[in-house]
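Each chain, letter by letter, is given below.
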Amino acid sequence: MTITAPASAPAGTDTTEVDVIVVGAGITGIYALYRARQAGFSVVALEAGSGVGGTWFWNRYPGARFDSESYTYAYLFSEELFDEWVWEEHFAEQPEIERYLNHVVDRFDLRGLIRCNCTVTNATYDDEHGDWTVETADGTRLRARYLIGATGVLSVPYFPDIPGRESFAGEQHHTGLWPSTPVNFAGKRVAVIGTGSSGVQIVPIVARTAASLTVYQRSANWCTPLNNSPISAEEQADLRANFASIREVLNTSLSGFLHETYDRATFEDTEEERQAYYEQMWNSPGFGKLISHYSDMTIDEQANAAWCAFIEAKIRSIVDDPETADMLVPKDHRFGEKRPPFVTDYFETFNRPNVSLVDLKSTPILRMTESGIETADGLAEFDLVVWATGFDFGTGALARMGIRGRDGLALTDYWRDGPKTFLGIQAAGFPNFFFPGGPHAAAGNNPRYNGDQVDFVLDLLIHARAHGFDTIEVDPAAEADWTAMIDRAARRAPSFGESSYYFGSNIPGKPRKYLLNAAGRPKLLSMIEEIKSSDFKPFQMAPGSDGRNRG
Ligand SMILES: Cc1cc2nc3c(=O)[nH]c(=O)nc-3n(C[C@H](O)[C@H](O)[C@H](O)COP(=O)(O)OP(=O)(O)OC[C@H]3O[C@@H](n4cnc5c(N)ncnc54)[C@H](O)[C@@H]3O)c2cc1C
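Residues numbered from 1 in each chain as written. Predicted model: local features only at pLDDT ≥ 70, side-chain atom pairs only at ≥ 80, totals over all residues. Heavy atoms only, no water.

1. A short note on the packing of helix 16 (residues 446-466) against helix 18 (residues 521-533)
- Across the interface, helix 16 lies against helix 18 with an axial gap of 11 Å and an inter-helix angle of 5°. Here helix 16 lies roughly parallel to helix 18, going by the angle between them. Along its contact with helix 16, which presents Arg 448, Tyr 449, Asp 452, Gln 453, Phe 456 and Asp 459, the element helix 18 presents Arg 521, Leu 524, Leu 525, Ile 528, Ile 531 and Lys 532.
- Within the contact of helix 16 with helix 18, the residues separate by chemical class into six nonpolar, one polar and five charged. (Axes fitted to C-alpha atoms, helices over the stretch in contact; angles between N-to-C directions. Helix = DSSP H or I, 4+ residues; strand = E, 2+ residues; numbered from the N terminus. Parallel < 35°, antiparallel > 145°, perpendicular 65-115°, else oblique. Contact = heavy atoms within 4.5 Å. Nonpolar A, V, L, I, M, F, W, Y, C, P; charged D, E, K, R; others polar.)

Here it is, written out as structure tokens:
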């Protein structure tokens, strides 16, 4: 197939036929687009947003920034790209990340292949021809041999079902749908609902200028300091000089980070040594507090409790009001059970006279009214409400894409009890459809896993093309094994329970199934190598029934 219509085809036309359609222009989709074009496939990317960047396009709320070190999150496929982009901070802020992803799109001449403002509403597999018809919200139809859904795991913002939300007369924004025009908090009465990773980032910034800030907290989180800092010229030079070794460490790390693991267990140290190590952890950057911690911190209950006690003492020492401090100490989960948020000045913010905290467990929101938020304690009036209430994680975007595979099988039906995947890239019954960066895809520094998956998908496509195959479909047995491995691993610590959005638990009615990759990156990479050397044995490949081989 060749492109018969430009990337900017007018709405409603029915003319585009390409080898590959990529849905989504976040960090995963941009890479898939780059790899597909590089491999000689005709390709177009369809993106719902008006710009590229995915997460870093939509989440433009003040305070949005990486919890992964900037240079470990960025692309590693081009050393020139790595060399020429100068990250300002170890944990870059959203505007810089969005600029970076736009730079990549232009640097590799991909913009002309991306159609923005283009939401895919239906994608149907054609059993006869072995290809996909994709329909967008404006009625445009496109056909492609292969469909790559790079639609993200945190791309469908979730609003809790609170009556009267629409009746609120003030301004309201979800952090994941933040407007591109500036939002002014100065002198306003602001509410922030939600204290997950986004809520804790925005709270300190709103508090600086708002007349009042009321934070509505459903559950407290084990927040620890991000410890961000600018990247010095010397560090920049080191990063460049060590590109190869950085890539090597990232490729062999369990979760795609540079942080090293620590081989001591908690109670091998004396109380004094332990407190000193906890202090070191508290002052270390980002996810080091999870990865470089005592080896048993996430798996041993007492070890976990000892670290939690340390954080609790920190919270109580920072927050002046004992009642507020108590509310900020998590009571319902352990460290590492949920995604740990990293903060800058978060706990300190509650010492400001203009900031107050509401516990939603004891005083749930009853409704929103025209003027504000009503709880059992009465009505609080606001000018501006921020919804930091998270996302329909893992499967949300794919479930909304109207995907129908072999014999009209709807993906939503196939995944009714939770996702079934092989390597987090394909589901049986959905030939030629791949979803790198989707459910079962990553558990750690996302782009590292998602990039592996994109590379693997492109290797599959290249292999099929070289052998004259038109359809690629994973063996159901391979899918069952992988999915069972994820479900088994999810029952082991550090998951402890199912309180996290990793299990879809923030969405009412969603099946409680683990949505991350439980294998770790080295296992994923070794499986990929094994599969490649077996000529992709877990995949059934066949020439198209219409005889239109693309060898
Ligand atoms: C605030 C925030 C901070 C984060 N920080 C980190 C971090 O520090 N480290 C980390 O590893 N991960 C982080 N993440 C996770 C982050 O989502 C991933 O790192 C990464 O951005 C995923 O990239 P992606 O391209 O797979 O998906 P996304 O970036 O979500 O992009 C998917 C794109 O697909 C588009 N799309 C979806 N459905 C359709 C459709 N039907 N039609 C057309 N387009 C569609 C969306 O509009 C979106 O632009 C963070 C997430 C959030 C929300």
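2. Some remarks on the pairing of strand 13 (residues 365-368)
- Of the strand pairs in this sheet, strand 13 and strand 14 (residues 372-375) are connected by three bridges, and their pairing is antiparallel. Across the sheet, the residue bridging to Arg 367 is Glu 374, located in strand 14. (Pairing = 2+ DSSP bridges.)

3. As for the pattern of salt bridges
- Applying the stated criterion to the full structure yields 33 salt bridges.
- The salt bridge involving Asp 67 is made with Arg 339; its shortest N-O contact spans 2.7 Å. Here the residue Asp 67 occupies a position in the loop between helix 2 (55-58) and helix 3 (70-73), and Arg 339 occupies one in the loop between helix 12 (322-328) and strand 11 (342-343), the gap between them amounting to 272 residues.
- Taking relative accessible area as the criterion, Asp 67 reaches 6% and is therefore assigned buried.
- Salt bridges here are not isolated pairs; linked through shared partners, they connect Glu 312, Arg 316, Asp 326 and Lys 331. (Salt bridge = Lys/Arg side-chain N within 4 Å of Asp/Glu carboxyl O. Buried < 20%, exposed > 50% of the residue type's maximum accessible area, 1.4 Å probe, protein only.)

4. Things to note about the packing of helix 1 (residues 27-38) against helix 16
- Two elements in contact, helix 1 and helix 16, have axes separated by 10 Å at closest approach and are oriented at 30°. Viewed along their axes, helix 1 and helix 16 adopt a mutual orientation that is roughly parallel. Every pair of crossing elements has a handedness; the one defined by helix 1 and helix 16 is right-handed. The segment helix 1 lies against helix 16, with Ile 27, Thr 28, Tyr 31, Ala 32, Arg 35 and Ala 36 engaging Pro 447, Asn 450, Gly 451, Val 454, Asp 455, Leu 458, Asp 459 and Ile 462.
- Within the contact of helix 1 with helix 16, the residues separate by chemical class into eight nonpolar, three polar and three charged. (Left-handed = near helix turned anticlockwise from the far one by under 90°.)

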